[in-house]
Structure formats: structure tokens, C-alpha cells
Amino acid sequence: MAEVVTRQFVPASQAAVKDVQLRQALRRAGSGFDGTRREAIAEVSEEVWEGWREQARKIKEHTIGHLDYYLAMLERNVAAAGGQVHFARDARQANAIVSEIARRNGVKTVTKSKSMVSEELGLNHVLEANGIDVFETDLGEYIIQLAEETPSHLVAPALHKTRGQVAQLFAEQLGVPYSEDIEEMARVARVALRQKFLEADMGVSGANFLVAETGSLVIITNEGNGRLCTSAPRIHVGLAGMEKVIPSLQDLAVFLRLLPRSATGQRISSYVSMVTGPKRAEDEDGPEEFHLIIVDNGRSRLLRDPALRESLYCIRCGACLNVCPIYQRVGGHAYGWVYPGPIGSIVTPGLVGVAEAKDLPNASTLCGACRDACPVQINIPRMLLHLRHQQAESNDENERTSSDTDKLLARGFANVMSSPLLLKLGRTVGRAVSKPLAKSGKIGETRLPLISRWTQARDLPVPAERSFRQRWRDELSKDGR
Amino acid sequence: MTSANMGIPSAEFLASVRDALGRADAPPENAYEPLTDDLATLENRAIEVRERIAGELPELSRRLGETAALRGWNVTRCAGVEETLDYVVSLARRLGATSVPRSEQSVFDDVPVDAALAGVGALCWPAVYDGPDSREGIRRRLADSSMGITGADYAIAETGSVIVLPRRGLSRLVSVVPPVHVAIVRQSDIIGTLDDLFALRRLEYHQNGQSGTADMGSYLNFITGPSRTADIEQTIVVGVHGPREVHMVLLDEE
């Protein structure tokens, strides 16, 4: 499985907010993606959009609620089309299956189209350890493979890199002249990968959707690399998390409307490829073998908890990342694993364990922008709160986030907030104590016990001279309202 | 060619999913609507779709042209076969194409591109394997070609997409390997929406199923505009791994 450094969230995010280039990249990408997403929604009207979201959510609710049934249907129909489904409990098993398929077929070269599951599995390293050359072919993935990095965004993996950094990388790794011309860089990648597509023995793809009714795998790309990976090599291996299945071909329409609009604001991506089994005897074009690997790798843990189950409705569009005030400041790498942003803060603890990723559910302002942006209406803030609650109440020392002092403080805060008298007293005392420490109404970074943990990340405002209740009584309610 | 499941047995995997859901091994209590459609229902729906399309055809064709242009196609409306051939020939001239692969589709029976291109010294050839060794040879020839021509199994007005299905003659690679792709769309290829497409394909799938060979075909591919990327600084570049230039010829039959 891919390396998990989720415990480093706090230092990693502190470093990230000081990275000027990263901040620029995030600002450009966030506003760009979200702007085009909003335009695409306005074009079809808010009302139509809401109808689609409703419809998609119902489909996901039904499918995930009967997942075993639809996986069985999918398996039957993939087999009927001449393909083979393999089920993998965890990353180790999934990697072993791909390695075995490669070994049996004497595979030397693999081309890959973008797959977040393969990132999750750490598949490339395993194949490379078996002496196989692996080439990522999505431009963004190709860049981060050359840089030996991991994706920082669900749909734009190299979002954190500036054109200068890519130019530098290409010059060093590919021996081409340094050029910051983006068109030239895309041409360099095209030339470098063109021959690989036609030579590769095996193509590995992810899956945006799996259609149970027909046994089909659907991938959506813009570059055309997915189509080449799944048609040119002798063997096609599809990798999918087990939540990717939808019941009927008819259900696909609404997802093809929602996903590109939510991801990049496109009305549809350039290439939607639906693959059903290997090439037939009468086809001249296409792989001789088709394997589909269905991966659990912790997903049944999310499935088991009714409060977290809806995280499996996610279609990995990245819209929640593009609107999240935290992701927009710290970027994807700070989250420490494959799935960043709001949805990642739920999925990651589910897949790698709560104890590994304690900070992630807390890396949110609970503003709710993610829920509003989600094309399948996933209630992300509710689940983040649920995880925080679980952590606070956990009996497992490794999972618990709150100390006894925290609990005492929280209880005290609750008491003060529910009593007008105590609140008034607290405000007066708080103001008296904090005023001498403050500069222009705020306490900045300080070493004072208790409040230093607050002030290391944000200012602590001094309570106002006059409380809201006073102002209400004296001024705001004067006109009798 | 099917080998054994190399992971855990599916029964075991599915049992663990059921266990997580707290569910018995049974179909959903309320049958899922689209999956309960019988053949008669699918047939009726397909007839409705076809009738509606026939009734709206001029409007759908107009919308297709409009949407396709927005999605990056160079859209040309040709009044007949002559005009279509002229357009294809002028494109080949501009590109200096000497070798033009095409798919083997019925549209080329009506639109004889081979002869027209031969007139300007370009060899237009159906990308068909003619022997076990020709696979690599054809791929090399495809990679060296500057333009490829296909028909459309469907063209969707809603999305501006051309759909290609498997057939003798490599339509998939013809559409994606050369840097320029020309798709010739007849009136009869045009459908309205994604829902139309899936209604028609579902009928086809289940009809095949009746004769014991349920088959979707090995692929169903959408092409919507040129190959593009925005992976470096969100700047859009066309022509990454697929064609940089795509042409949709809307053939209004005489």
C-alpha cells in the first residue's frame, strides 16, 4: 500500500502555507475549476442540476445498500463477456494479482491511465520491483511519476507544480532543452509516450464506473491516453474500488452529466470509453485478455458504519477540494495519503485507520461548502463531526484526540454558554485578563498556557467592550423589533 | 482464456460485504426499476426514441452542430456526397496527407473517399488486418498517418459526441492515433440525448441475450472534441495523446 504519512498533517500543513508557489498554484486551480463548475451548472439551471444530484444520490444509495448483489451481477456479466473478475481484500492481495497476471504473460512494459486506486495500492513500486517498466500516461501523472511524487489533487495530480518546475523536471529527466512553453511540454510527453503505447504488453486503467447490467468498465479522460492504454496492449487490467458499481446502463447517463461538470466544468470530457470484456473473435482491435480487480482495502469498514456509509457514494470529482478553505491553503500533500481534501478526511481514516489519521477530521471549518458542491449530495460536515465525536469518546488511547483537560474545558465552555449569568461574568473576567496582552483587540502568538494552543494557528480576539446582549438592548432593538 | 480468480473466492468477498451491510443473501426487496424492464418494454422505448428523433431531426441536427462546435469540433455541413468529398480532399491537401486510414463502415459505401483521395495522390485505405503479422504493420502505418476518417455509429446532439463501436477495420485506433480525425455523420446517425443512446444500446444488448449471446460489444467509445489536457497550470493544450484537430462533417442527404 502507498506510504501513509497522515500523522504529519500539522507540520506538513504549516510548511505548505508558507510555500508561495504552492499557494499560487492552489489559488489558480481552485478558482479556475470552481468557476467553470458554476458556469456549467448555471447553463443547465440550478433546478435541473438539483434534479440530477437527487437522481444520482438515489442510485448510489440503492447500489451501496445492496452492494453484494450488484457486485455478483457485475461478476457474472464480466465473465459472460469473456473477462475475469478478481476480488482483493487488501492492497497486498490486489498487487499480487496484477503481478501474477503480468508474470503469466511475460509482461515487460505496462502503460497506465490515471487510477487513484493504483495510487492507493502503491502498485507501480510493486511492478517495478518485479522488473517491469511502468509508464504513467496521463500528463499530470507522468509528471509526478518523473518527480517521484504523489498526486496532490483527485483530478489534477500535478496541480502543485508550476510550469517552471515541470520544465526543469523534463530537462533533467528526459534530456530535452529547458522550455516553459506548455504546448511544447505536452508535445514532449506525447513523443515520449507514443511508442510506449504501441509497445506495451499490458495496460492498466482505473474505473470511473462499473455497470453491473452489462459487465462494463467506464473510464473518462481528456487526453486519449485511457483509450490507448485499454486498446493497444494485449492485456487490459482494470482496477476499481468496490463502490464503483452502478446497476444499469441507463443509470450511467446522469453520472456522465454530473462528473465532468463537477470535476473540470466540462459538459463532457473528450473521451468516454466503455469497455466490456476483451476483444471478440471478430474484432481486430483490442486486448486479448480483460481482468477486473475489485478492491476492498478498508472500504467495508466505511460500509459497516451507517454514519459513514455515504462516503462510498463519492465519484472522485474533486469539487469538494476546489471549494474547501483548508485544502485551498494547504494543498493535497499535507493530508499525507492518496485522497486529500474534505472527502479524503473521511475516506482516509476509514481506509488506513482512525489512529493513523487523527488530525484529518479536524482539518475542517465545517463551513459546508463541500456538501453544497458535492454532485451526489454527500453530507461531509456531518461525517467529519461524527468522526470527531468518535475520536473524543474513544477508549483507544491511539484514537482519542482529546485529553482530560480538553474535556474539562469543553464541559466548562458548555456550562458558561448555557447560563446568561456565567457568560456575562466570563466575558468581564476574560476581557480584564486578556486586554493587557492584546494588540489591536487580538492576542497573537503567545507562550501562555491554555491559550497558546489556540494562538499558534490563529488570533484570539479580546471580548468586546459591550456584549451583544447590551447592544441589542440599548440600540439594535430600539425600533421595537 | 479465462483463468481462475486469483484473489479471494467471490463467495467469501461477497459474504464479507453482506456482513458489513448486515444484509441477507437476497435480491433487493424492491426490484430496481431499470433492471426489471423486459424485452417488450425496451423495444417500445426504443421505438418511442426513434419516432421522437425522426420527428425532431432538423432541430437535432442543428443542435448537434452547435454543441459539437462548442466542444471543439470543426463542424461543416455538407449538402451532399460531392460537397463531403470536396471537404475531405481539401483537408488532405492542406495536411499534405499521402496515407489516409479509414474505418470500414457503411458510410463509405455512399461516400467514396478512397477514389476521391486517390485523385489527389493520397492513398485512403481501410485499416483491416489481412494476416496474423499485419497488426504491427498497420499500427506503424497508423502512427505515420496525418489524418484518419471514420463514420459515426451515433452522434449525440446533447453532448456533441460521436460514438464508435467495434467492427472490422480498427475504427478506434483510426480515430485516436492520427493527429487529425474526420468523422462523417449522416442524418440517420443522429440521436438526441445520452438517455436515447443507452435506451437503444440496452435493447441491442438484451436482444442479443435472447439468442444466448448477450453482448455489448467489446467497447463503446465517445469522442467529443480534440484530445486535450490542462495538467500544467490549468492551461488547455490540445493534441496530447489523441488528435489535436477533429472535424465533424454533417452530411445532409439529398
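Worth saying up front: this structure is predicted, and the values here are computed from it rather than measured.

Brief notes about the overall build of chain A
Part 1 of the argument: Scanning chain A from terminus to terminus reveals 22 helices and twelve strands.
Part 2 of the argument: Relative to the compact-globule value of 23 Å for 481 residues, chain A shows a C-alpha radius of gyration of 25 Å, a close match.
Part 3 of the argument: Dimensions along the principal axes, computed over C-alpha positions, put chain A at roughly 85 × 55 × 50 Å.
Part 4 of the argument: In chain A, which comprises 481 residues, the proportion classed as buried is 58%.
Part 5 of the argument: Restricting the contact set of chain A to residue pairs at least 6 apart, pairs at least 24 apart contribute 73%.
Part 6 of the argument: Surface accessibility of chain A: about 19900 Å² in total, with carbon and sulfur atoms responsible for 52%.
Part 7 of the argument: Counting 61 positive and 58 negative side-chain charges, chain A places the averaged centre of each group 8 Å from the other.

Let's talk about the overall build of chain B
Part 1 of the argument: Scanning chain B from N- to C-terminus turns up eight helices and twelve strands.
Part 2 of the argument: Across its three principal directions, the C-alpha atoms of chain B cover 70 × 45 × 45 Å.
Part 3 of the argument: Out of the 254 residues belonging to chain B, those deemed buried represent 58%.
Part 4 of the argument: Looking at chain B alone, contacts between residues at least 24 apart form 77% of all its contacts between residues at least 6 apart.
Part 5 of the argument: Total accessible area on chain B is roughly 10200 Å²; 50% of this is exposed by carbon and sulfur atoms.
Part 6 of the argument: Looking at chain B, you have 24 positive and 37 negative side-chain charges, and the mean spots of the two groups are 5 Å apart.

Considering the nonpolar core
Part 1 of the argument: Ranked by size, the top nonpolar core spans 192 residues in total, and within it Leu71, Met202, Leu292, Ile293 and Ile294 of chain A together with Phe222 of chain B carry the most contacts.
Part 2 of the argument: For this core, the element with the most residues is helix H12 (residues 249-263) of chain A, which contributes nine residues.
Part 3 of the argument: If we skip the residues at most four places from it in the chain, Ile293 of chain A touches His86, Ala88, Ala94, Ile97, Val98, Ile101, Val237, Gly238, Leu239 and Ala240 of chain A.
Part 4 of the argument: The next biggest cluster of nonpolar side chains, apart from the first, holds 24 residues, and it includes Ala92, Phe108, Val113 and Ala122 of chain B.

Some thoughts on a nonpolar patch on the surface
Part 1 of the argument: A cluster of nonpolar side chains, Leu422, Leu425, Val429 and Val433 of chain A, forms an exposed patch at the surface whose accessible area comes to about 350 Å².
Part 2 of the argument: Assignment of secondary structure puts Val429 of chain A in helix H20 (residues 420-434).

Quick word on the domain arrangement of chain A
Part 1 of the argument: Partitioning chain A into domains gives domain 1 (6-299) and domain 2 (404-476).
Part 2 of the argument: Taken over C-alpha atoms, the centre of domain 1 of chain A sits 49 Å from the centre of domain 2 of chain A.

Some remarks on the pattern of salt bridges
Part 1 of the argument: By the definition in use, this model includes 44 salt bridges over all chains.
Part 2 of the argument: In this structure, Arg466 of chain A engages Asp474 of chain A in a salt bridge whose closest nitrogen and oxygen atoms are separated by 3.1 Å.
Part 3 of the argument: In this structure Arg466 of chain A comes out as partly exposed when scored by relative accessible area, which is 34%.
Part 4 of the argument: Ionic pairing is found between Asp110 of chain B and Arg186 of chain B, a salt bridge with its closest N-O pair at 3.9 Å. Of this pair, Asp110 of chain B sits in helix H4 (residues 107-110) while Arg186 of chain B is found in strand S7 (residues 180-186), placing the two residues 76 residues apart along the sequence.
Part 5 of the argument: Judged by relative accessible area, Arg186 of chain B falls into the buried class, the value being 14%.

Concerning helix H16 (residues 341-352) of chain A
Note that an α-helix has 3.6 residues per turn; residues three or four places apart therefore point the same way.
Residue and element names in this part refer to chain A.
Part 1 of the argument: With twelve residues, H16 ought to run about 16 Å at 1.5 Å a step, and its terminal C-alpha atoms sit 16 Å apart, in line with that.
Part 2 of the argument: The element H16 is largely enclosed, with a buried count of twelve among its twelve residues.
Part 3 of the argument: For H16, the full list of buried residues reads Gly341, Pro342, Ile343, Gly344, Ser345, Ile346, Val347, Thr348, Pro349, Gly350, Leu351 and Val352.
Part 4 of the argument: Looking one or two residues beyond H16, the residue adopting positive phi is Gly353, at roughly 105°.

Section: the environment of Asn124 of chain A
Residues and elements named next belong to chain A.
Part 1 of the argument: With respect to the element layout, Asn124 can be found in helix H7 (residues 123-129).
Part 2 of the argument: Overall, Asn124 belongs to the buried group, its relative accessible area being 14%.
Part 3 of the argument: For the pair Asn124 and Tyr271, spaced 147 residues apart in the sequence, the C-alpha separation amounts to 24 Å.
Part 4 of the argument: Each residue touching Asn124, except ones within four places of it in the same chain, is listed here: Lys112, Val134, Glu136 and Gln145.

Re the side chain of Ser270 of chain A
Part 1 of the argument: Within the element layout of this structure, Ser270 of chain A appears in the loop between H12 and strand S9 (271-275).
Part 2 of the argument: The exposure class of Ser270 of chain A is buried, given its relative accessible area of 0%.
Part 3 of the argument: Within the local environment of Ser270 of chain A, its side chain forms a polar contact with the backbone oxygen of Pro226 of chain B, the two atoms lying 2.9 Å apart.
Part 4 of the argument: Discounting residues that sit within four places of it in the chain, Ser270 of chain A has contacts with Thr221 and Asn222 of chain A together with Phe222, Ile223, Thr224, Pro226 and Arg228 of chain B.

Section: the sheet that holds strand S9 (residues 219-223) of chain B
Part 1 of the argument: The strand order across the open sheet formed by eight strands is S8(A)-S5(A)-S6(A)-S9(A)-S9(B)-S6(B)-S5(B)-S8(B), and the pairing between neighbours is mixed. Only two strands of the sheet have a single neighbouring strand rather than two, namely strand S8 (245-246) of chain A together with strand S8 (190-191) of chain B.
Part 2 of the argument: Pairing analysis gives three bridges linking strand S5 (residues 154-156) of chain B to strand S6 (residues 161-164) of chain B, with the strands arranged antiparallel. Each bridged residue has a counterpart across the sheet, and for Ala155 of chain B the counterpart in S6 of chain B is Val162 of chain B.
Part 3 of the argument: Sheet contacts for H12 of chain A: strand S5 (209-211), strand S6 (216-221), S8 and S9 of chain A together with S9 of chain B; angle to S5 of chain A, the most-contacted strand, approximately 165°.

Let's talk about the interface of chain A and chain B
Part 1 of the argument: Listed per partner, the contact involves 108 residues of chain A and 82 residues of chain B.
Part 2 of the argument: Each partner contributes to the roughly 7900 Å² buried at the junction of chain A and chain B, and carbon and sulfur atoms together form 57% of this total.
Part 3 of the argument: Among the residues chain A hides against chain B, the three largest losses belong to Asp68, Arg190 and Glu284 of chain A. Together they make up 10% of the total.
Part 4 of the argument: There are eleven salt bridges connecting chain A and chain B.
Part 5 of the argument: Linking Asp68 of chain A and Arg18 of chain B is a salt bridge whose minimum nitrogen-to-oxygen distance equals 3.2 Å.
Part 6 of the argument: In this structure, the connection of chain A to chain B is made through 42 residue pairs in polar contact (both at pLDDT 80 or more).
Part 7 of the argument: No other element matches the ten residues that helix H10 (residues 182-199) of chain A contributes to the side of chain A that touches chain B.
Part 8 of the argument: Partitioning the side of chain A that touches chain B into residue classes produces 49 nonpolar, 30 polar and 29 charged.

What counts as what
- Residues numbered from 1 in each chain as written.
- Chains lettered and ligands numbered in written order.
- Predicted model: local features only at pLDDT ≥ 70, side-chain atom pairs only at ≥ 80, totals over all residues.
- Heavy atoms only, no water.
- Helix = DSSP H or I, 4+ residues; strand = E, 2+ residues; numbered from the N terminus.
- Rg over C-alpha atoms; globule rule 2.2 N^0.38 Å.
- Buried < 20%, exposed > 50% of the residue type's maximum accessible area, 1.4 Å probe, protein only.
- Contact = heavy atoms within 4.5 Å.
- Areas by Shrake-Rupley, 256 points an atom, 1.4 Å probe, with all protein chains shown as cover.
- Lys, Arg positive; Asp, Glu negative; His and termini not counted.
- Charge placed at Lys NZ, Arg CZ, Asp CG, Glu CD.
- Core = buried A, V, L, I, M, F, W, Y, C linked by side-chain atoms within 4.5 Å.
- Patch = residues over 30% accessible without salt bridge, like charges linked within 9 Å, V, L, I, M, F, W, Y side chains within 5 Å.
- Salt bridge = Lys/Arg side-chain N within 4 Å of Asp/Glu carboxyl O.
- Domains from an automatic or database assignment.
- Expected span 1.5 Å × (residues − 1).
- Polar contact = N/O pair within 3.5 Å; in protein donor to acceptor, adjacent residues only side chain to side chain.
- Pairing = 2+ DSSP bridges.
- Axes fitted to C-alpha atoms, helices over the stretch in contact; angles between N-to-C directions.
- Buried area = accessible area lost by both parts, 1.4 Å probe.
- Nonpolar A, V, L, I, M, F, W, Y, C, P; charged D, E, K, R; others polar.

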